[in-house]
Amino acid sequence: MRSALIFFLLFAVVFCSKAQQDTSQNRLNTLKVNLVNSMLFSNSAAFSFERVTKSHQSWSAMLGVVKFPTLGDLGSNIQVKKDGNQSGFVMGGEYRFYLKKENKYLAPHGVFLGPYTNFFNFSNDRELSFTSSSTGAITQASLKSDINVLNIGVQLGYQFVINDRWTIDMIFMGPSVSRYAMKLKLDGNYDLSEEDIYENEILAGLVDRFPVIKDLLTDQSVKLNGKVSKWAPGFRYQLNVGYRFGRKMKE
């Protein structure tokens, strides 16, 4: 998936470098759809709105729906029998400084740099089946998980404007300080030990599907019906396609 995204980004750069042209208007508003979220998360859709405030500055707000990827097995002894309620959202904001000395055109066309923040929430209910490795007995349980990720960082990117109406917006670098928080609750008449279920099987399975959880487990572990949070380094990359509207801003 990441290789395909990198290929698409390179293709977009080559295509846009040939397609871009000087425009007589500088429209104030751009409505965008985030393509990366659709690739990474199932049943997701995220949109953002960018508003030019000065000839080389803008602000942007983002809102969308995201869902944790569907799980199969969580280890050799734990199977996901059914995914119940799945919900989640993402929201965020950013401010962009389009580098006047580096850009030939007015905002929102060109190289930009600026701060950003975004917040992800994933909530899931799942029915699990446990198979005892010693007796072979099968027991049932339900797992409720709630995962939150807060990112605060700076980003560097480039936005192409095509024919005065369309944009391709790419973020190449977006390091952040991120807060990961996870809460898990397991209910049922299972006969496996807490250590086997959580520290070995369930968490390992979740990490495989959602790698950012690994940052929570570097020096901590989640116990039954417990929660944990941690600050750690993060990163953001993004690809948006947008449509511009509104009238010209004078310099």
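You'll find the structure just up there.
Below is a summary of the structure that appears in this document.

Calculation rules
Residues numbered from 1 in each chain as written. Predicted model: local features only at pLDDT ≥ 70, side-chain atom pairs only at ≥ 80, totals over all residues. Heavy atoms only, no water. Helix = DSSP H or I, 4+ residues; strand = E, 2+ residues; numbered from the N terminus. Core = buried A, V, L, I, M, F, W, Y, C linked by side-chain atoms within 4.5 Å. Buried < 20%, exposed > 50% of the residue type's maximum accessible area, 1.4 Å probe, protein only. Polar contact = N/O pair within 3.5 Å; in protein donor to acceptor, adjacent residues only side chain to side chain. Phe/Tyr/Trp six-rings, centres within 6.5 Å; stacked < 30°, edge-to-face > 60°. Lys NZ or Arg CZ within 6 Å of the ring centre and 35° of its normal. Pairing = 2+ DSSP bridges.

### Some thoughts on unusual backbone geometry
Consideration 1: A cis geometry characterises the amide bond from Ala 107 onward to Pro 108, with omega recorded as 10°.
Consideration 2: Within the fold, Pro 108 resides in the loop between β4 (78-98) and β5 (110-131).
Consideration 3: You will see that Asn 163, though not glycine, has its phi angle at about 55°, which is positive.
Consideration 4: A positive phi is found at Asp 164, a non-glycine position, where the angle reads about 70°.

### Brief notes about the nonpolar core
Consideration 1: By size, the foremost hydrophobic cluster in this structure holds 21 residues, and its most contacted members are Phe 120, Phe 122 and Leu 128.
Consideration 2: Sorting the residues of this core by element identifies β3 (57-67), β4, β5, β6 (138-162) and β8 (175-188) as the ones contributing at least two each.

### Re the side chain of Asn 148
Consideration 1: Here Asn 148 is to be found in strand β6.
Consideration 2: Reaching out from Asn 148, the side chain makes a polar contact with the side chain of Asn 121 at a distance of 2.5 Å.

### What about the packing of aromatic side chains?
Consideration 1: Within the structure shown, the criterion is met by eight aromatic pairs.
Consideration 2: Seen from their ring centres, Tyr 95 and Phe 97 are 5.2 Å apart, and the 55° between their planes marks the pair as tilted.
Consideration 3: By relative accessible area, Tyr 95 is classed as partly exposed at 25%.
Consideration 4: In this structure Phe 97 comes out as partly exposed when scored by relative accessible area, which is 39%.
Consideration 5: Put simply, the rings of Phe 49, Trp 59 and Phe 245 pair up and form one aromatic cluster.
Consideration 6: In this arrangement the basic side chain of Arg 96 is found over the ring face of Phe 112, its NZ or CZ atom lying 3.8 Å from the centre.
Consideration 7: Sitting above the plane of the Tyr 116 ring, Arg 236 keeps its charged end 4.5 Å from the centroid.

### Observations regarding the pairing of β5
Consideration 1: Here 16 bridges tie β4 to β5, and the two strands are oriented antiparallel to one another. Pairing of Gly 92 across the sheet is with Asn 118, part of β5.
Consideration 2: As paired strands, β5 and β6 are joined by 22 bridges and run antiparallel to one another. Opposite Pro 115, over in β6, you have Val 154 as the bridge partner.

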